Amino acid sequence: MDEFDFINKVKPDRIFQQNVKVAIGDDAAIYESSHGFHQVVCVDTMVEGVHFLRNLSSPFEIGYKALAVNVSDLAAMSAIPLYYFISLAVPSNWNEDDLIEIYEGMKKLSEEYKMDLLGGDTVSTSDKLVITVTVIGEVEEGRKTLRSNAKNEDIVFVTGTIGDSAAGLAILLGQTSIHNESLKRYFTEKHKMPIPQVKAGRLIGDLKRASLNDISDGLASELNEISEASHVGITIDKDALPLSDELLTLQSTSLLQDWALYGGEDYELVGTTSPDSWEKLTKDCNELGIKITKIGFVDSSHKEVMLKSKNQEYIKLKKSGYNHFKKS
Ligand SMILES: Nc1ncnc2c1ncn2[C@@H]1O[C@H](COP(=O)(O)OP(=O)(O)O)[C@@H](O)[C@H]1O
Ligand SMILES: Cc1ncc(C[n+]2csc(CCOP(=O)(O)OP(=O)(O)O)c2C)c(N)n1
Ligand SMILES: [Mg+2]
Ligand SMILES: [Mg+2]
Ligand SMILES: [Mg+2]
C-alpha cells in the first residue's frame, strides 16, 4: 500500500459546501464561516478492540459509526453538520480495500448531511486500527443547548428508545443468545449503525432554553453530567424509560433496565426544557415523526440523579456506565 496513492483514492470527487476554499491536497483546509453562525467542533476516536472488533463489524460499519458518533455530538449542540477530518493509524494487517470500505461507510452518512471530507492524516501503527474523526458544524449565534442549562421543574426527555445498542453488543459478544434472526439483526444494527439525532437536536435548539447531551456512555452517566453541570437534582421515572418493543420481547427485565441505563452507545439525545417548551417540542417532534419521551423532571428536593420505581422506591443513579479508565 502506498500512502499517497491511498489518499488520492479516498479524496472525494465532489464538494457539497460552497464555503470550502481549499479541501484535501494542501497543508490544511480552508473554509469560510457563515455570517450569523458560530463554528462547532468536536473529535471522538474509535479503537479496534475497544470500540469495535474486527471479526464482528465490517469496515463499512466501522467507518459509518466513527462518523455517526461524532455527528451525534454535533446534534447534542443543535448544530448543522458541515465538514469532517479523518485520522487513521493503520496496522499492517489492514489492507487498502478495507480502508476504502471504511471511507465508503463514512460517505454514506456524510452524503445525508452534505458533509465534506476536508482532510485528515494517515500513519502506520504496530497493533490496532485507530480512527479519529473531527467534525465541524455551525449553529446560529445565541443558540446553545448546554449541559449546564437545566433548571428546576424542567421536563427531562429522551429521544427514540434506549438499551437496544447494548443488547446488540451483548449479542455480538455472545453474552446473550437470541434465536430469532430478524430480532438479532435489529439489535446488532442498532449497535453498529446508530442514527445521529440531528433533526431532533435542531428542534430542541429552537426552544427558548434546553440542556442536551448525546448518549454515548449510558443514560445514567449523561444525566449525571447534566445534573453536575447545572447543579440540579433529577428524578427519573423507571417505568417511563422508552424501551423498544423488540427489547421488551426479551426475558430478563433487570438486564433490560441495565442496558437502558448503563449500556450506552444509543446515540439518542437526553435533555431538559421548561414545561411550556416541552409542549412545543412534543408537537414539533410529532410533526416530523420523531419519538420523544418525558422520563422525569428536574427536582429541587435533592441534588442527585434519582430513579423512582412504581412502589415509590428511590435509588441513586450513579455515574456508572462506560468509563475508559474504569471497567466495571
Ligand atoms: N484528552 C482530552 N484532552 C482535552 N479535552 C478532552 C480530552 N478528552 C475529552 N476532552 C473534552 O472533555 C469533554 C467531554 O468529553 P467526552 O466525555 O468524550 O464527551 P462526549 O461524550 O460528548 O464525546 C469534551 O469537551 C471534550 O472535548
Ligand atoms: C468490542 C466492544 N466492547 C465494548 C464496547 C462498548 N463501548 C465501547 S466505547 C463505549 C462508550 C462510548 O465511547 P466513547 O469513546 O466513550 O465515546 P464518547 O463518550 O467520547 O462520545 C462503549 C459503551 C464496544 N462498542 N465494543
Ligand atoms: Mg468524546
Ligand atoms: Mg461523543
Ligand atoms: Mg465516553
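Residues numbered from 1 in each chain as written. Chains lettered and ligands numbered in written order. Predicted model: local features only at pLDDT ≥ 70, side-chain atom pairs only at ≥ 80, totals over all residues. Heavy atoms only, no water.

The protein chain has the name Thiamine-monophosphate kinase in an unreviewed UniProt entry, where Metabacillus halosaccharovorans is given as its organism. Under Pathway (unreviewed entry), UniProt gives the following word-for-word description of the protein chain: "Cofactor biosynthesis; thiamine diphosphate biosynthesis; thiamine diphosphate from thiamine phosphate: step 1/1." Here is the UniProt Catalytic activity (unreviewed entry) comment for the protein chain, exactly as written: "thiamine phosphate + ATP = thiamine diphosphate + ADP". (UniProt positions renumbered as here; feature names shortened; annotations may be inferred.)

Quick look at the UniProt feature "binding site: Mg(2+) 2" (unreviewed entry) in the protein chain now. Those places that UniProt annotates as "binding site: Mg(2+) 2" (unreviewed entry) correspond, in this numbering, to D44 and D73. These annotated residues cover 30 residues of sequence, but their C-alpha atoms sit close together, with the largest distance between any two at 8.9 Å. Narrowing the list just given to those that line the largest pocket leaves D44. Position of D44 relative to the elements: it lies in strand 3 (residues 37-47). Here D44 is in contact with V69, N70, D73, I131, T132 and V133, once residues within four sequence places are set aside. Inspection of the secondary structure assignment puts D73 in helix 2 (residues 59-76). Take D73: its relative accessible area is 18%, and that puts it in the buried class. Among all residues touching D73, those that are not within four sequence positions of it are C42, D44 and D214. (1 Å grid on protein atoms, 1.4 Å probe; cavity = no way out; pocket = protein on both sides within 12 Å on 5 of 7 lines; lining within 4 Å. Helix = DSSP H or I, 4+ residues; strand = E, 2+ residues; numbered from the N terminus. Contact = heavy atoms within 4.5 Å. Buried < 20%, exposed > 50% of the residue type's maximum accessible area, 1.4 Å probe, protein only.)

It is worth spelling out the sheet that holds strand 5 (residues 116-124) at this point. If you trace the four strands from one edge of the open sheet to the other, you get 3-6-4-5, paired in mixed fashion. Where the open sheet ends on each side, the last strands, each with one partner, are strand 3 and strand 5. Across this sheet, the average inter-strand angle for adjacent strands is 15°, counted without regard to direction. In terms of strand pairing, strand 4 (residues 80-90) meets strand 6 (residues 130-140) through nine bridges, oriented antiparallel. The residue of strand 6 that forms the bridge with Y84 is V135. (Pairing = 2+ DSSP bridges. Axes fitted to C-alpha atoms, helices over the stretch in contact; angles between N-to-C directions.)

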